[in-house]
Amino acid sequence: MYSRIIGTGSYLPAKLLTNRDLESVVDTTDEWIYSRSGIRERHIAADDENASDLAVAAARKAMQAADVGPEDIGLIVVATTTPDMIFPSTACLVQHKLGIKNCPAFDMQAVCSGFVYALATADKFLRSGACRHALVIGAEIYSRILDWKDRSTCVLFGDGAGAVVLGLSDTPGVLSTHLHADGSYHEVLSVPGCVSRGEIKGHPFVVMEGSAVFKFAVKVLEEVALEALAANGLSPREVDWLIPHQANIRIIQATAKKLGLGMDKVVATVERHANTSAASIPLALDEAVRDGRIRPGNLVLLEGVGGGFTWGAALLRW
Ligand code: UT7
């Protein structure tokens, strides 16, 4: 048995924050942000919205598209770095809000690779016979872990959620998944803070060595794409759609170029969403499914890289 994505959904908070708006927040310009990252605007969650609310809105659309109800869901995995609270997990809160009873639910913490990690995990649950349908969600509110005085990070991220329903199938949808991590890079991209004895210990905002992350991302996004294709006896030429993590259009362009893919084969949403971490891949996937770019039979390659470092890919036959 195999697993296959049978429905997608996404949600973006209503509030838009443009590069021009940011010019009055930090010493930056629309020109700098757009030329260095390809970002023009991002969505920002309302004060009363939490990651579970974004996740639920995306999940409802994915469940509707898959034509499944709460009683059908046998597993919930939420990829997030910005959970509602320390515990319970955001996945348990999502389960409750969706009226889903008695299925395993847990969060996946792999930062911007979180959705690929979550999809790989759910795929293994389904293929082992543990359940028939899984909800796999990426949901993030990065606006709450950004230092809005640090221009080198606060202009790069946004909030949002994307979700898929994975169902059992007798033909392969998820062809293979490939996950990696190297914790020796933990200081290059992190939020090095925590709550301890009632106080915030350390620095509770994103810190990043931008150019080191950039170089590492381009290297491993090429490597893991080739690894996924080789595992299935396929070549980059056969990819119909590449959906990479959306952090920087220059990383996306460099990856596509190394793989010999034109940008007409790449789904890019970073201009309008910025970097939504674990939500970026399912947000882009949902957009390309709903606007008809992704069609039955297409070969779709999802790949992410993020703090840890973590990185991974999932190759899908749509
Ligand atoms: O999800 C995975 C996590 N993140 C990423 O994948 C991000 C990876 N890295 C990047 O996307 C890029 O490295 C950045 C967009 C972060 C930066 O682009 P860059 O071309 O590597 O620029 P840089 O770091 O070399 O910065 C150049 C200059 C610096 O000034 P000096 O020292 O050259 O005078 C910065 O102070 O740009 C300055 N700068 C800014 N200027 C205006 C940094 N942030 C800003 C800003 N506005 N917002």
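Computed from a predicted model, the values in this text were never measured in an experiment.

Enquirer: Tell me about the sheet that holds strand β4 (residues 75-79), and name the residues and values.
Expert: An order of β1-β7-β6-β4-β5 is seen for the five strands of this open sheet, with the pairing classed as mixed. Each having just a single partner strand, β1 (2-11) and β5 (105-108) make up the two edges of the open sheet. On average, each strand axis in the sheet is tilted by 20° relative to the strand beside it, whichever way the strands run. As paired elements, β4 and strand β6 (residues 133-141) share five bridges and run parallel to each other. What sits directly across from L75, in β6, is A134. Across the face of the sheet, helix α5 (residues 114-127) comes into contact with β1, β4, β5, β6 and β7 (159-169) while running at roughly 165° to β6.

Enquirer: Describe the site of the ligand, with residues and values.
Expert: Surveying the vicinity of the ligand reveals 21 residues, the closest of which are T28, R151, H245, N248 and N275. In this structure, an oxygen atom belonging to the ligand sits 2.8 Å away from a side-chain N or O atom of H245. In isolation the ligand exposes 960 Å². Once the protein is present, 70% of that is buried. Mapped by element, the contributors of at least two residues to the shell around the ligand are α2 (30-37), α6 (151-154), α7 (210-231) and α8 (249-258). By residue number, the principal contributor to the shell around the ligand is α7, which donates four residues. Of the residues in the shell around the ligand, the class split is 10 nonpolar, seven polar and four charged. Residue assignment places the shell around the ligand across two domains, with domain 1 (2-170) and domain 2 (175-317) each supplying three or more.

Enquirer: Describe in detail α7, supporting the description with residues and values.
Expert: End to end, α7 covers 31 Å across 22 residues, agreeing with the expected 32 Å (1.5 Å per residue, within 8%). With its phi angle positive at about 65°, G233 sits one or two positions after the end of α7.

Enquirer: Report on the pairing of β6, specifying residues and quantitative values.
Expert: Of all nine residues that make up β6, nine are buried, and the element is covered over most of its length. In terms of strand pairing, β6 meets β7 through nine bridges, oriented antiparallel. Counterpart to H133 in the pairing with β7 is G167.

Enquirer: Give me the lowdown on the packing of aromatic side chains, citing residues and values where you can.
Expert: Enumeration over the complete set of coordinates arrives at six aromatic pairs. Arranged with centres 5.1 Å apart and planes meeting at 20°, the rings of Y142 and F157 form a pair that is stacked. In this pair, Y142 is assigned in the loop between β6 and α6 and F157 in the loop between α6 and β7, connecting sequence segments 15 residues apart. For the pair formed by Y142 and F157, the shared burial category is buried. For the pair Y185 and F309, a centre-to-centre distance of 5.1 Å together with 40° between the ring planes defines the contact as tilted. Residue Y185 is found in the loop between β8 (174-181) and β9 (189-190), and its partner F309 is found in the loop between β14 (299-306) and β15 (310-317); the two are separated by 124 residues along the sequence. We classify F309 as buried; its relative accessible area is 2%. Aromatic rings pair up to connect Y185, F216, F309 and W311 into one cluster. A cation sits over an aromatic face here: R40 above Y34, 3.6 Å from the ring centre.

Calculation notes
- Residues numbered from 1 in each chain as written.
- Predicted model: local features only at pLDDT ≥ 70, side-chain atom pairs only at ≥ 80, totals over all residues.
- Heavy atoms only, no water.
- Pairing = 2+ DSSP bridges.
- Helix = DSSP H or I, 4+ residues; strand = E, 2+ residues; numbered from the N terminus.
- Axes fitted to C-alpha atoms, helices over the stretch in contact; angles between N-to-C directions.
- Contact = heavy atoms within 4.5 Å.
- Near = heavy atom within 4 Å.
- Polar contact = N/O pair within 3.5 Å; in protein donor to acceptor, adjacent residues only side chain to side chain.
- Areas by Shrake-Rupley, 256 points an atom, 1.4 Å probe, with all protein chains shown as cover.
- Nonpolar A, V, L, I, M, F, W, Y, C, P; charged D, E, K, R; others polar.
- Domains from an automatic or database assignment.
- Expected span 1.5 Å × (residues − 1).
- Buried < 20%, exposed > 50% of the residue type's maximum accessible area, 1.4 Å probe, protein only.
- Phe/Tyr/Trp six-rings, centres within 6.5 Å; stacked < 30°, edge-to-face > 60°.
- Lys NZ or Arg CZ within 6 Å of the ring centre and 35° of its normal.

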